[in-house]
Amino acid sequence: MGQVSTLTPQAVKVPAAHDNAGAGVDTLPAIDQKLLRRAHALADYCGFATAAVGALGLLGWIIGTDGLKSILPGHATIKVNTALAFILAGVSVRLLRTGANRAQTMCGLVFAGITALLGILTLAEYVFAVDLHFDQLLFHEPPGVIGTAAPGRMAANAALSLSVLGIALLLVRSQFARKHRIVDAFALCAMAVSLLAILGYMFGVQALYGFATYTQLSLPGAMAFLCLSVAVLAAVVDTGLTSVLISDGMGGFTVRRLLPLTLVVVPLFGWAVAARAHHGWYDSAMAHALLILGVMAILSTVIVRNARDLDRIDAEQRRTQRILRDSRDQWELTFNCMSEGLTYHTTDYTIIGANEAFYKLLGPKRLAGTKCFEVVHGTRCPPDYCPMQR
């Protein structure tokens, strides 16, 4: 009897046992460590970009330059509280993701808490129609400013986004079991708000970046919220629902191929078509037709390319499986041709399989799952002279 601990149960045909040998083994695709490092770097870059937008907006308030507070002249400007929150949240992403020491983690949590508090207090002002007198603590904004309902007060959708992103940052280092679902949901909620606002500016639809008579979300603010949402998702990408983005399986391959198309190419193409229609190149009916035709062409190209790559990967997998099957058959033939009765089992003495010579010695009894010392020696524990005891 010999121990062959490196062989897989599929290498020998034995009754039952090996059919369940892989039970309990995690079959989910593994995380690509290179992509994980890139995702963490992306979190840092997006956090820095968020803080930079906030710093430029704050500088615009300090020196009185509207160009730093709003990219587009004649549109809403980024408010002081929003700019401060962007600076705090951007720094918080870096501190909470690395967490080199307790002091850094605590600073990150404090910054995240202030961010969430600013958003929650502003939402309370909108919901309860009160003025908490903190909107203009640092700088005074005159009434009647474009896209501003209450001087100095950030937009309602900005307050909502700050609230959920601040809470998400507070949960990044939490030990709560289901924290990744909350973090992902909150970050995706803020991302949806920012994308709606950006699309509103791209297509000139005011309702997408400003609700009713409330203060409008500025374009720099929308871009900063998008960066901050991406930073939060990237900070927990290895444990969150978006972990498929960095998996080395087919799901990760497909989503990395399709997401840029969905989030970048299609909106830019739609904007280009709408811009040409706005300048009189063609009427709205022609614009709709071109938009549909373009989206169909883009999707068809990506689908065909994806199918071709999937076929190539499938062919490689079939080739690998064929090689493994041939190797298994060769090993099985060699193992069963041995005249000496042999078994292979785990380190805890559980038999996985045996060759034909062993079955001839003991008869057609079920061996898989039993202990070798019970079958060979008829004892309840291994004898002292067992080779595995050495």
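Our structure is the block above this text.
Residues numbered from 1 in each chain as written. Predicted model: local features only at pLDDT ≥ 70, side-chain atom pairs only at ≥ 80, totals over all residues. Heavy atoms only, no water.

Details of the packing of aromatic side chains
Moving on, step 1. Inspection of every chain in the model, using the stated rule, returns 3 aromatic pairs.
Moving on, step 2. Ring plane angle 75 degrees and centroid distance 4.9 Å describe the contact between F86 and F225, whose orientation is recorded as edge-to-face. Linking F86 in helix α3 (residues 80-98) with F225 in helix α7 (residues 219-235), this pair joins segments that are 139 residues apart in sequence. There is no split in this pair, since F86 and F225 are both buried.
Moving on, step 3. On the numbers, 3.9 Å between centres and 10 degrees between planes, the contact of Y201 with Y209 is stacked. Here Y201 and Y209 have matching classes, each one buried. (Phe/Tyr/Trp six-rings, centres within 6.5 Å; stacked < 30°, edge-to-face > 60°. Helix = DSSP H or I, 4+ residues; strand = E, 2+ residues; numbered from the N terminus. Buried < 20%, exposed > 50% of the residue type's maximum accessible area, 1.4 Å probe, protein only.)

Some words on the pattern of salt bridges
Moving on, step 1. This structure, assessed with the given rule, holds 11 salt bridges.
Moving on, step 2. One salt bridge in this structure joins E125 and R153, with 3.2 Å as the shortest N-O distance. Taken together, the residues span a long stretch of sequence, with E125 in helix α4 (residues 102-128) and R153 in the loop between α4 and α5 (156-171) at a distance of 28 residues. Pair check on accessibility: E125 and R153 agree, each one buried.
Moving on, step 3. Each of E125, D131, D135 and R153 takes part in a single network of salt bridges with overlapping partners. (Salt bridge = Lys/Arg side-chain N within 4 Å of Asp/Glu carboxyl O.)

What about the nonpolar core?
Moving on, step 1. Counting 47 residues, the largest nonpolar core has L165, L169, L217, F225 and V232 as its most contacted members.
Moving on, step 2. Among the elements of the structure, α1 (33-63), α3, α4, α5, α6 (179-203) and α7 are those that each provide at least two residues to this core.
Moving on, step 3. Top contributing element to this core by residue count: α7, with 10 residues.
Moving on, step 4. Dropping the residues within four chain positions of it, F225 is found in contact with F86, A158, S161, L162, L165, S194 and L217.
Moving on, step 5. In this structure, A354, F358, F373 and V375 belong to the second largest nonpolar core, which totals 10 residues. (Core = buried A, V, L, I, M, F, W, Y, C linked by side-chain atoms within 4.5 Å. Contact = heavy atoms within 4.5 Å.)

Brief notes about the environment of F139
Moving on, step 1. Along the chain, the position of F139 falls in the loop between α4 and α5.
Moving on, step 2. Judged by relative accessible area, F139 falls into the partly exposed class, the value being 24%.
Moving on, step 3. Between the C-alpha atom of F139 and that of K79, which follows or precedes it by 60 residues, the distance is 9.5 Å.
Moving on, step 4. In contact with F139, not counting residues within four places along its chain, are L58, W61, I62 and V80.

Describing α4
Moving on, step 1. End to end, α4 covers 38 Å across 27 residues, agreeing with the expected 39 Å (1.5 Å per residue, within 8%).
Moving on, step 2. Packing partners of the buried residues in α4 comprise α3 and α5.
Moving on, step 3. You can read the cap of α4 off the contacts: a side-chain oxygen lies 3.1 Å from the backbone nitrogen of A103, and it is on N101.
Moving on, step 4. At the C-terminal side of α4, A129 shows a positive phi close to 55 degrees. (Expected span 1.5 Å × (residues − 1). Polar contact = N/O pair within 3.5 Å; in protein donor to acceptor, adjacent residues only side chain to side chain.)

Points about the packing of α5 against α6
Moving on, step 1. Contact geometry of α5 with α6 gives a least axis separation of 9 Å together with a crossing angle of 155 degrees. By the angle between their directions, the pair α5 and α6 is classed as roughly antiparallel. In this structure, α5 crosses over α6, and the sense of that crossing is left-handed. Seen from α5, the contacting residues are N157, S161, V164, L165, I167, A168 and L171; seen from α6, they are K179, I182, V183, F186, A187, A190 and V193.
Moving on, step 2. Looking at the contact of α5 with α6 residue by residue, the class counts come to 11 nonpolar, 2 polar and 1 charged. (Axes fitted to C-alpha atoms, helices over the stretch in contact; angles between N-to-C directions. Parallel < 35°, antiparallel > 145°, perpendicular 65-115°, else oblique. Left-handed = near helix turned anticlockwise from the far one by under 90°. Nonpolar A, V, L, I, M, F, W, Y, C, P; charged D, E, K, R; others polar.)

Topic: the pairing of strand β2 (residues 351-354)
Moving on, step 1. Note that strand β1 (residues 343-345) and β2 share 3 bridges and pair antiparallel. Bridge assignment links H345 to a residue of β2, and that residue is I351.
Moving on, step 2. The turn linking β1 back onto β2 is made up of 5 residues, and Y349 within it adopts a positive phi angle of 75 degrees. (Pairing = 2+ DSSP bridges.)

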